[in-house]
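Understanding the architecture of this molecule
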Amino acid sequence: MASRYEEVYGAWRANPEAFWAQAAREVDWIKPPTQIFDADAGVYGHWFPDATCNTCYNALDRHADGGRAEQAALIYDSPLADAKRIYTYGQLRDEVATLAAVLQDQGVTKGDRVIVYMPMIPEAVMAMLACARIGAIHSVVFGGFAAKELATRIDDAKPKLVLTASCGIEPGRIVKYKPLLDQAIDLASSKPQSVILLQRPQEAASMIAGRDHDWAALVTAAKSAGKQAPCVELAATDPLYILYTSGTTGIPKGVVRDNGGHMVALKWSMKNMYGIEPGEVFWAASDVGWVVGHSYIVYAPLLHGATTVCFEGKPVGTPDPGAFWRMIEEYKITALFTAPTAFRAIKKEDPDAKHLARYSTKSLRTLFLAGERADPDTVAWAERILGVPVIDHWWQTETGRCVVGNLVGLGLLPVIHGSPTVPMPGYDVRIVDEAVKPVEDGKMGSIVIKLPLPPGCLPTLWQNDERMSESYLSEFPGFYKTADAGFRDAGGYLYIMGRTDDIINVAGHRLSTGGMEEVLASHPNVAECAVIGMKDSLKGETPLGFIVLKAGVDRDPAIIEKEIVALVREKIGPVAAFKMAVVVDRLPKTRSGKILRGTMKKIADHDEWTAPATIDDPAILTEIVDALQKKGV
Ligand code: COA
Ligand code: AMP
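Predicted model only: the values in this text are computed from it and were never measured.

What the domain assignment lists for the chain is domain 1 (5-313 + 393-470) and domain 2 (503-630). Between domain 1 and domain 2, the residue contacts involve 17 residues of the former and 15 residues of the latter. Of the roughly 1,200 Å² buried where domain 1 meets domain 2, counting both sides, 51% is carbon and sulfur surface. For the pair domain 1 and domain 2, the number of links is one salt bridge. Notably, a salt bridge pairs arginine 510 with glutamate 398, separated by 2.9 Å at the nearest N-O pair.

Rendered as structure tokens:
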């Protein structure tokens, strides 16, 4: 099929408001929009400013009442808990309506924040949708974060209530959530009124009388009383959720998503970007703690009447590198969406794809990759073993969906390995220099998006318009700064090469090296430190910390290095994957005192490097080389 990309992108360019007005017809509104965009509202404008709607209604009731009550909405498959369950649209709506009534009984109403700190179980999806149903703003916190990170989010969001489970399950270990939550609430200055906790069979959590409530008991009681909460009418511009993501400091950014624009954009993407029809099975192998999980495990597939999958497992080791192929065969999955790291992990353990031969993956039409740069080798390997198109697409927590991609539903453009292809309708993407001047094709520059951002992108940061403007809108006036760098080729294809800030990408997880440096610096023996992202053949990058000890510290450096590794795990969490700290005598700096992290990264990556002309003392670089050699880097 010839691609209709040019025609559709051209239609958006010619009249963005008409384009989004048309897309908005696919959503059930309580009060349909009469105004499509208000340029004067908010930080850069608001979409559908006079419309009202309910996201949970569109995700569940619309389908349950519209002929899909018996169709599978949510498949839960957990090799880690040895459990499988399927919820139809009818069942999921009932579960969510009951849980929403439980939340209301706890005093949660429209605009209240609810933290969801849960593993990959169906109740996490229900928790999000129950909040959406009554207009409470959910904020999901990934289970791999430590108590301190959770506390920071509690202090910013000030939740009335926390929904949690007794544990998550990682291969070979139970992650006890409750002690982490209790510690986080102790650390936080803003205390939630109540906690609703789901006891899992793998771990019984202790409860604090008066504050903690048993999930199952509350839901059972609400069911026997026949309680179900109806969908609440919300402004399209009301927040649906806050999702915290790494910023350049230890304080994460609270990305806000609204209700109306988000629904319009995600619904549009299911057919046009992913080529999915209602009733088909769409699997995003991510976690509800990340944006991919929000958009493509929970909201988009359900808004579209598709079947979504909640997988509590890993690409390898649960039990083997055939896990993904087993899932595809068992649930007749049409499209799989994951991070390149997952495929690198499978390739490493099963380079000849022997496990694939045990299963039929004939239902699979497309593999989508995002979250980090898709290296051409991995893309080529995936294409070869699966025999389906492998589509890289680029996006960010802030945008909530793809910015640059290849629209499967409109007919594919030729795939070029290393490029996520072209801008999506809604996005005028430019490559510019510091003076906001376009750079030539083939030359690297900063990637920016002309304002306004399309529906579904963040309207602001939670209660912080100022940080929104400062972080994203001030450096390139009239544009949104993506903080990614890249280039465009002569054919208009975009290449996303890396971040311009201190964010690193570890196994598709976005992490702040600045945040890690704050932790390293808090160790009593550390005078100075620097954290860089070092190339890693599996995870893309892994963090590497350099520390200079305070004068007079005569403890064994190896012990201090171990303490530093443990400290990052304790303060940020296992997800930081911080496994190596190196004590050095001095850090290389410019004459004006700026630490030369870029040069240290080149040394650690074994890339070609030269001492920058501005360096204060070139001998320090040799010391770094020696220190890394001793560590086997
Ligand atoms: N709760 C608690 N801990 C978690 C966790 C969670 N939800 N998720 C990960 N962790 C822990 C891991 O157990 C690991 O701990 P360890 O240091 O004790 O081994 C640590 O965090 C680092 O996790 P990760 O970087 O994911 O490495 P891994 O070795 O456990 O797994 C892969 C490697 C490749 C299998 C895994 O990273 C993966 O599936 N990646 C796919 C990428 C992805 O889903 N990205 C999401 C965005 S699209
Ligand atoms: P997150 O907000 O966690 O989704 O991370 C967003 C960042 O991940 C982007 O700013 C990029 O640096 C990186 N990223 C995501 N998808 C891609 C991709 N397809 N290619 C290159 N980088 C990507």
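Continuing now.
The strand order across the open sheet formed by three strands is 21-22-23, and the pairing between neighbours is antiparallel. Pairing within the sheet leaves two strands with one partner each, and these edge strands are strand 21 (394-395) and strand 23 (422-423). Taken together, the two bridges between strand 21 and strand 22 (residues 402-405) define a ladder with antiparallel strand orientation. Along strand 22, the bridge assignment pairs tryptophan 395 with cysteine 402.

Bringing the layout of surface pockets into the picture now. In this structure, the second largest pocket spans a volume of roughly 330 Å³. For the lining of the second largest pocket, the elements supplying multiple residues, two or more each, are helix 2 (16-24) and helix 9 (260-272). Sort the elements by how many residues they give to the lining of the second largest pocket and helix 9 lands first, with five residues. Class assignment for the residues of the lining of the second largest pocket results in six nonpolar, three polar and four charged.

Moving on, we come to the side chain of histidine 63. Mapped onto the elements, histidine 63 comes out in helix 3 (residues 55-68). Given the relative accessible area of 8%, histidine 63 is considered buried. Each residue touching histidine 63, except ones within four places of it in the same chain, is listed here: Asn58, Arg68, Ala69, Tyr89, Leu302, Leu303, His304 and Gly305.

Right, let's get into empty space enclosed by the protein. This structure, assessed with the given rule, holds four cavities of 30 Å³ or more. Taken as a whole, the largest cavity holds about 130 Å³ of empty space. Lining the largest cavity are 13 residues, and of these Glu149, Ser246, Ser512, Gly515 and Ile572 sit closest to its centre. Among the secondary structure elements, those contributing two or more residues to the lining of the largest cavity are helix 6 (147-157), strand 29 (509-512) and helix 15 (513-521).

Take helix 7 (residues 177-187) next. Residues of helix 7 that are buried include every one of Tyr177, Lys178, Leu181, Asp182, Ala184 and Ile185, and no others. Each buried residue of helix 7 sits inside an arc of 160° when the element is viewed along its axis, so together they form one side. Opposite its buried face, helix 7 presents the exposed residues Asp186 and Leu187, each directed more than 90 degrees away.

With that settled, the discussion passes to the pattern of salt bridges. For the structure shown, the criterion picks out 43 salt bridges. In this structure, arginine 200 and glutamate 312 form a salt bridge, with 2.9 Å as the shortest nitrogen-oxygen distance. Here arginine 200 is found in the loop between strand 11 (194-198) and strand 12 (212-214), whereas its partner glutamate 312 is found in the loop between strand 17 (307-311) and helix 11 (323-331), with 112 residues between them in sequence. Given a relative accessible area of 8%, arginine 200 falls into the buried group. On the accessibility criterion, glutamate 312 (4% relative accessible area) is buried. Among the ionic pairs, aspartate 375 bridges to arginine 344, the shortest N-O distance being 2.8 Å. With aspartate 375 in the loop between strand 19 (366-369) and helix 13 (376-386) and arginine 344 in helix 12 (residues 340-349), this residue pair connects regions lying 31 residues apart in the sequence. One salt-bridge network, in which partners are shared between bridges, spans Asp61, Asp65, Arg93, Asp94 and Arg133.

With respect to spatial proximity, 24 residues lie near ligand 1, and among them Glu170, Arg173, Lys539, Arg569 and Lys579 are the closest. Here glycine 143 contributes a backbone N or O atom positioned 3.4 Å from a nitrogen atom of ligand 1. Between glycine 144 and ligand 1, the recorded distance is 3.4 Å, taken from a backbone N or O atom to a nitrogen atom. Relative to its free-state accessible area of 930 Å², ligand 1 is covered by the protein chains to the extent of 83%. The element that contributes the greatest number of residues to the shell around ligand 1 is helix 12, accounting for three residues. Here the shell around ligand 1 is composed, by residue class, of 12 nonpolar, six polar and six charged. Here the shell around ligand 1 spans two domains, since at least three of its residues come from each of domain 1 (5-313 + 393-470) and domain 2 (503-630).

Attention now moves to the pairing of strand 25 (residues 445-450). Among the six residues of strand 25, five are classified as buried, and the element is accordingly described as predominantly covered. Sheet topology note: the strand 25/strand 26 (residues 479-488) ladder contains five bridges and is antiparallel. Residue pairing across strands places glycine 445 opposite glycine 486, the latter belonging to strand 26.

On to helix 2, then. Of all the residues in helix 2, the buried ones are Phe19, Trp20, Ala21, Ala23 and Ala24. Lining the buried residues of helix 2 we find helix 1 (5-14), strand 2 (46-47) and helix 9.

Inspection of the region around ligand 2 gives 15 residues, with Asp392, Thr397, Asp484, Arg499 and Arg510 positioned closest. Contacts to ligand 2 include glutamate 372, whose backbone N or O atom sits 3.4 Å from a nitrogen atom. Here aspartate 392 contributes a side-chain N or O atom positioned 2.8 Å from a nitrogen atom of ligand 2. Summarising the interface, the protein chains cover 93% of the accessible area of ligand 2, which totals 500 Å² for the free molecule. Only strand 21 and strand 27 (494-499) provide two or more residues apiece to the shell around ligand 2. Of the residues assigned to the shell around ligand 2, the class counts are four nonpolar, five polar and six charged.

Conventions used here
- Residues numbered from 1 in each chain as written.
- Chains lettered and ligands numbered in written order.
- Predicted model: local features only at pLDDT ≥ 70, side-chain atom pairs only at ≥ 80, totals over all residues.
- Heavy atoms only, no water.
- Domains from an automatic or database assignment.
- Contact = heavy atoms within 4.5 Å.
- Buried area = accessible area lost by both parts, 1.4 Å probe.
- Salt bridge = Lys/Arg side-chain N within 4 Å of Asp/Glu carboxyl O.
- Pairing = 2+ DSSP bridges.
- Helix = DSSP H or I, 4+ residues; strand = E, 2+ residues; numbered from the N terminus.
- 1 Å grid on protein atoms, 1.4 Å probe; cavity = no way out; pocket = protein on both sides within 12 Å on 5 of 7 lines; lining within 4 Å.
- Points joined across faces, edges and corners; volume = space filled by probe spheres on them.
- Nonpolar A, V, L, I, M, F, W, Y, C, P; charged D, E, K, R; others polar.
- Buried < 20%, exposed > 50% of the residue type's maximum accessible area, 1.4 Å probe, protein only.
- Arc of directions from axis to C-beta.
- Near = heavy atom within 4 Å.
- Polar contact = N/O pair within 3.5 Å; in protein donor to acceptor, adjacent residues only side chain to side chain.
- Areas by Shrake-Rupley, 256 points an atom, 1.4 Å probe, with all protein chains shown as cover.

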